[in-house]
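Each chain is listed here by its residues.
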Amino acid sequence: MDTHMIVELIGYFGSALVLLSFLMTSVVKLRIINMAGGVICTIYSLVIHAYPTAIMNTCLVLINFYYLMRISKTERAYDVIEGNPEESMLRYFVKRYAADIQKYFPDFNASSKTMGGCNAAYIVCHDDAPAGILIGNRRPDGELDVILDYSTPAYRDCSVGKYLYSRLKEQGIRKLSFAGTPGPHEYYLQTMGFVKEDGTYVKELDQNEN
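The structure displayed is predicted, hence computed values, not measured ones.

1. Re the overall build of the protein
- Assigned secondary structure in the protein consists of 8 helices and 7 strands.
- Against the globule reference of 17 Å for 210 residues, the protein gives a C-alpha radius of gyration of 21 Å, more extended than a compact globule.
- Taken over the C-alpha atoms alone, the protein extends approximately 70 × 35 × 35 Å along its principal axes.
- Across the 210 residues of the protein, 39% fall into the buried class.
- When contacts within the protein are restricted to residue pairs at least 6 apart in sequence, those whose partners lie at least 24 apart make up 60%.
- When the accessible surface of the protein is split by element, carbon and sulfur atoms take 59% of a total near 12,100 Å².
- If the 20 positive side-chain charges of the protein are averaged to one point and the 23 negative ones to another, these points end up 2 Å apart.

2. Digging into the packing of aromatic side chains
- What the rule picks out here adds up to 8 aromatic pairs.
- For the pair Tyr66 and Tyr67, a centre-to-centre distance of 5.1 Å together with 75 degrees between the ring planes defines the contact as edge-to-face.
- Given the relative accessible area of 46%, Tyr66 is considered partly exposed.
- By relative accessible area, Tyr67 is classed as partly exposed at 33%.
- A centroid spacing of 5.8 Å and a plane angle of 85 degrees characterise the contact between Phe105 and Phe178, whose relative ring orientation is edge-to-face. Residue Phe105 is found in the loop between helix H5 (98–104) and helix H6 (112–116), and its partner Phe178 is found in strand E5 (residues 175–178); the two are separated by 73 residues along the sequence. Neither Phe105 nor Phe178 differs from the other in exposure class; each is buried.
- Each member of the aromatic cluster is reached from another via a ring pair, and the members are Tyr78, Tyr155 and Tyr163.

3. Some words on the sheet that holds strand E7 (residues 200–204)
- Ordered by their spatial adjacency, 7 strands build an open sheet running E1-E2-E3-E4-E5-E7-E6, and the pairing between neighbours is mixed. Two strands bound the open sheet, and with one partner strand each, they are strand E1 (78–83) and strand E6 (195–197). Taking the axes of each pair of neighbouring strands and ignoring which way they run, one obtains an average angle of 35 degrees across the sheet.
- When E5 meets E7, the two strands line up antiparallel, connected through 4 bridges.

4. Brief notes about the nonpolar core
- Within the largest apolar cluster, 40 residues are counted, with the highest numbers of intra-cluster contacts made by Ile133, Leu148, Tyr165, Leu168 and Leu176.
- Broken down by secondary-structure element, the contributors of at least two residues to this core are helix H4 (88–96), H5, strand E2 (120–126), strand E3 (129–138), strand E4 (143–151), helix H7 (159–170), E5 and helix H8 (186–191).
- With 6 residues, E2 is the single largest residue contributor to this core.

5. Focus on the pairing of E3
- As paired elements, E2 and E3 share 7 bridges and run antiparallel to each other. The partner of Ile123 across the bridge, within E3, is Ile133.
- Where E2 folds back onto E3 in an antiparallel hairpin, the turn is made up of 2 residues, including Asp127, whose phi is positive at roughly 55 degrees.

Calculation criteria
- Residues numbered from 1 in each chain as written.
- Predicted model: local features only at pLDDT ≥ 70, side-chain atom pairs only at ≥ 80, totals over all residues.
- Heavy atoms only, no water.
- Helix = DSSP H or I, 4+ residues; strand = E, 2+ residues; numbered from the N terminus.
- Rg over C-alpha atoms; globule rule 2.2 N^0.38 Å.
- Buried < 20%, exposed > 50% of the residue type's maximum accessible area, 1.4 Å probe, protein only.
- Contact = heavy atoms within 4.5 Å.
- Areas by Shrake-Rupley, 256 points an atom, 1.4 Å probe, with all protein chains shown as cover.
- Lys, Arg positive; Asp, Glu negative; His and termini not counted.
- Charge placed at Lys NZ, Arg CZ, Asp CG, Glu CD.
- Phe/Tyr/Trp six-rings, centres within 6.5 Å; stacked < 30°, edge-to-face > 60°.
- Pairing = 2+ DSSP bridges.
- Axes fitted to C-alpha atoms, helices over the stretch in contact; angles between N-to-C directions.
- Core = buried A, V, L, I, M, F, W, Y, C linked by side-chain atoms within 4.5 Å.

Set out below in structure tokens:
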């Protein structure tokens, strides 16, 4: 493969990343992938001496970087609603995102038996719209066995979890445990500080989660 072909492939790859970014439902992921594609396209444009295109892509990279910094410094205002796993709102939420939930929680079953067997449920809202949900069983000793801890695609920056965990601590919950099959959800568990112990992911809420 000659140098010219390699350069062309780099350009195609950068363009593909820019296009792929617009398929992201998360604004953060969109800007990160778009920025990565912009960097590659800038390099490609400089190599082939397409300076106007290089300047345009550089500006796009800087714009994405600026808004990523703004997002990272902006705290979303959340509210948490404590409810019953069998309530209609919770069931609607689970049904609405059933396909995505199944992807991240392959063991989760939205049947009445499963939902009715839980005694704790929380909906986190942003601007009056549901952003995340947690369903599980709370033990008398303050441990919460998590059955479902799900955030909608637009809120996959861990901010929902950080907010909710701080509120759970205020309610006397000292420990979270998840014994299901994590699937892609494992990355979130690791990011949030869960530790795998005998096949169960455990997190102690002994620190400030804010």
